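For reference, the chains in residue letters:
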Amino acid sequence: MPYYHVVFTLPAQIADVAYQNKAVIYDILFKASAETLITIAADPKHLGARVGLTSVLHTWGSAMTHHPHVHMIVPGGGISLDGNEWVSCRPGFFLPVRVLSRLFRRLFLEKLVAAYEADRLHFFGDHAPLADPQAFAAYLAPLRRSEWVVYSKRPFGGPEAVLAYLSRYTHRVAIANSRLTALDHNGVTFKWKDYRTEGRNRFKVMTLTTHEFIRRFLIHALPSGFHRIRHYGLFASSKRVENIARVRELLNAPTPQNEAGDPDADEPPMLAHPCPCCGGRMIVIETFERGHTPRTHPAGPIRIDTS
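Residues numbered from 1 in each chain as written. Predicted model: local features only at pLDDT ≥ 70, side-chain atom pairs only at ≥ 80, totals over all residues. Heavy atoms only, no water.

S.K.: Let's hear about the pairing of strand β1 (residues 3-9): which residues, and what values?
M.R.: Across the 7 residues of β1, 7 count as buried, placing the element largely inside the fold. Covered by surrounding structure in β1 are Tyr 3, His 5, Val 7 and Thr 9 together with Tyr 4, Val 6 and Phe 8, the residues of both alternating faces. Relative to strand β4 (residues 66-75), β1 runs antiparallel, the two being bridged by 7 bridges. Looking at β4, one finds that Val 6 is bridged to Met 72. Strand direction decides the pairing type here: β1 and strand β7 (residues 150-153), joined by 4 bridges, are antiparallel. Each bridged residue has a counterpart across the sheet, and for Phe 8 the counterpart in β7 is Val 150. (Buried < 20%, exposed > 50% of the residue type's maximum accessible area, 1.4 Å probe, protein only. Helix = DSSP H or I, 4+ residues; strand = E, 2+ residues; numbered from the N terminus. Pairing = 2+ DSSP bridges.)

S.K.: Provide a residue-level description of the sheet that holds strand β6 (residues 86-88), including the pertinent values.
M.R.: With respect to topology, 3 strands assemble into an open sheet ordered β2-β5-β6, the strand pairing being antiparallel. At either margin of the open sheet sits one strand with a lone partner, and together these are β2 (49-50) and β6. Alignment of β2 against strand β5 (residues 77-80), held across 2 bridges, turns out to be antiparallel. By the bridge assignment for β5, Arg 50 is matched with Ile 79. On the sheet, helix α7 (residues 240-251) packs against β2, β5 and β6 and is oriented at approximately 90 degrees with respect to β5. (Contact = heavy atoms within 4.5 Å. Axes fitted to C-alpha atoms, helices over the stretch in contact; angles between N-to-C directions.)

S.K.: How would you summarise the packing of aromatic side chains if you had to cite specific residues and measurements?
M.R.: A ring pair, where both rings are aromatic, is described by two values, the distance of the centres and the angle of the planes. For the coordinates displayed, the defined rule picks out 11 aromatic pairs. Seen in terms of ring centroids, Tyr 26 and Phe 226 are 6.1 Å apart; in terms of plane orientation they differ by 70 degrees. Their pairing is edge-to-face. Residue Tyr 26 is located in helix α2 (residues 22-42), and its partner Phe 226 is located in the loop between α6 (210-219) and β11 (229-233); the two are separated by 200 residues in the primary sequence. Given the relative accessible area of 16%, Phe 226 is considered buried. Ring centres of Phe 123 and Phe 136 lie 5.9 Å apart, and the angle between their planes is 50 degrees; on these two criteria the pair is classed as tilted. Placement of the pair is Phe 123 in the loop between α3 (97-117) and α4 (133-140) and Phe 136 in helix α4, with a sequence separation of 13 residues. Relative accessible area serves as the criterion here: at 12%, Phe 123 is assigned to the buried category. The buried category is assigned to Phe 136, whose relative accessible area is 4%. Ring pairs connect the aromatic residues Phe 8, Phe 104, Phe 108 and Trp 148, which therefore count as one cluster. When the ring centre of Phe 226 is taken as reference, the NZ or CZ atom of Arg 230 above it lies at 4.8 Å. (Phe/Tyr/Trp six-rings, centres within 6.5 Å; stacked < 30°, edge-to-face > 60°. Lys NZ or Arg CZ within 6 Å of the ring centre and 35° of its normal.)

Here it is, written out as structure tokens:
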């Protein structure tokens, strides 16, 4: 089935506040965008189905400026509300972005105000006056009338294209090494893409002082333990296995071979305690007796992905 790519972006005014309240506002961004898409998809006027989605948080633009948004990968359909059939979206069209934008704006601002009233937001520097409730309400007032950007891209080429996209896109950091072109006494020079310009002229080169480059890069460091990839709806962890089995049943899709028998038959054993570095599950690659040398050696330097 086709998979759609939907992007929810925060307005610049909210992004400024988010920089000082990353954990709270990024969490609201995840929840409001997921609730928006699930709600509109369940509406019989649009799709009338329960959908699943995977959300990935990005906080940067091409020039490493602060630009919080979530990318969603969504199958082009869902399970009917009565659970008896699979409902596909129209070919080449998933959900109306204007409807998504309006609901996203309302839900986000409701959750943001609730966080403010619960004293979960903090303001510094130029935004310190927002600690006053009247100033905060006035700050939000224009945002209640402006258009919030929600973008639905054309469907991927198929499941393989989705996997290829996720594998190279979900664990990016603010800039790839391939975009760096020079480092000297003038600063750091890198390639960037100006999306406001069309054609070849959108590809440009920028030089920042070393301190400014480091500042922009560190803007995108997430709070400790924050999950930047999340699953909702049919893909939520608590019901994912059951939901996917039901989808395959409704679509008359064959069960993948690696799931036909014992799901753990081909999986390496995992240790009960997490990795002390990244918190992930530790996989046993070899066991050996005390005093003996392991046969398995890393092919290169061990790399820990902290993105």
